[in-house]
Amino acid sequence: KNTRGKDAELSAAYYQPITHRECLIRLMNNIKFREITNEDYGDALKTIDIMRMISPDEYRLLFDAGVLNAKIGEPRLAIPLLEQYIDCTPNSKDKEEAALMVQHLRQSLN
């Protein structure tokens, strides 16, 4: 209730067991979030690289890596990651958002 508000209620999903991999990814997500909050994008990218080794099928990490590479001025690294993300994500709105980023990054190269 402290984080979700006084009307928040626990659901049974909060008590479902998770795998060691899922636990590790959650912990690393916390680290990644802290690094991004501190604008330590290089370390956040290293954390994402480790996360991708642990969970190679987690396509959302491609988006994170693409965005962070763009943020540190590496559009040539960002574009292929975002294109891979576009190929993997099932959500059409997410595809559109990533495609716009790719278009913007390509224009910045010219």
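What counts, and where the lines are drawn
- Residues numbered from 1 in each chain as written.
- Predicted model: local features only at pLDDT ≥ 70, side-chain atom pairs only at ≥ 80, totals over all residues.
- Heavy atoms only, no water.
- Axes fitted to C-alpha atoms, helices over the stretch in contact; angles between N-to-C directions.
- Helix = DSSP H or I, 4+ residues; strand = E, 2+ residues; numbered from the N terminus.
- Parallel < 35°, antiparallel > 145°, perpendicular 65-115°, else oblique.
- Left-handed = near helix turned anticlockwise from the far one by under 90°.
- Contact = heavy atoms within 4.5 Å.
- Nonpolar A, V, L, I, M, F, W, Y, C, P; charged D, E, K, R; others polar.
- Salt bridge = Lys/Arg side-chain N within 4 Å of Asp/Glu carboxyl O.

**Section: the packing of helix α2 (residues 41-54) against helix α3 (residues 60-71)**
Here is step 1: Contact pair α2 / α3: the axes reach a minimum separation of 10 Å and the direction vectors enclose 160°. Comparing their axes, α3 and α2 come out roughly antiparallel. Considering how the two elements wind past one another, α2 and α3 form a crossing that is left-handed. Along the contact surface, α2 presents Tyr 41, Ala 44, Leu 45, Ile 48, Met 51 and Arg 52, while α3 presents Leu 61, Leu 62, Asp 64, Ala 65, Leu 68, Asn 69 and Lys 71.
Here is step 2: Within the contact of α2 with α3, the residues separate by chemical class into nine nonpolar, one polar and three charged.

**Examining the packing of α3 against helix α4 (residues 75-88)**
Here is step 1: For the pair α3 and α4, interaxial distance at closest approach is 8 Å and the crossing angle is 155°. The angle between the axes of α3 and α4 places the two elements in the roughly antiparallel class. The hand of the α3/α4 crossing is left-handed. Where α3 approaches α4, its residues Arg 60, Leu 62, Phe 63, Ala 65, Gly 66, Val 67, Asn 69 and Ala 70 are matched on the opposing element by Pro 75, Leu 77, Ala 78, Leu 81, Leu 82, Gln 84, Tyr 85 and Cys 88.
Here is step 2: Looking at the contact of α3 with α4 residue by residue, the classes come out as twelve nonpolar, three polar and one charged.

**Observations concerning the pattern of salt bridges**
Here is step 1: Per the counting criterion, the structure on display carries four salt bridges.
Here is step 2: With a shortest N-O distance of 2.6 Å, Asp 64 and Lys 32 are connected by a salt bridge. Here Lys 32 lies in helix α1 (residues 20-37) and Asp 64 lies in helix α3, a separation of 32 residues in the sequence.
Here is step 3: Here Glu 58 and Arg 60 are joined by a salt bridge, their closest N and O atoms 2.6 Å apart.

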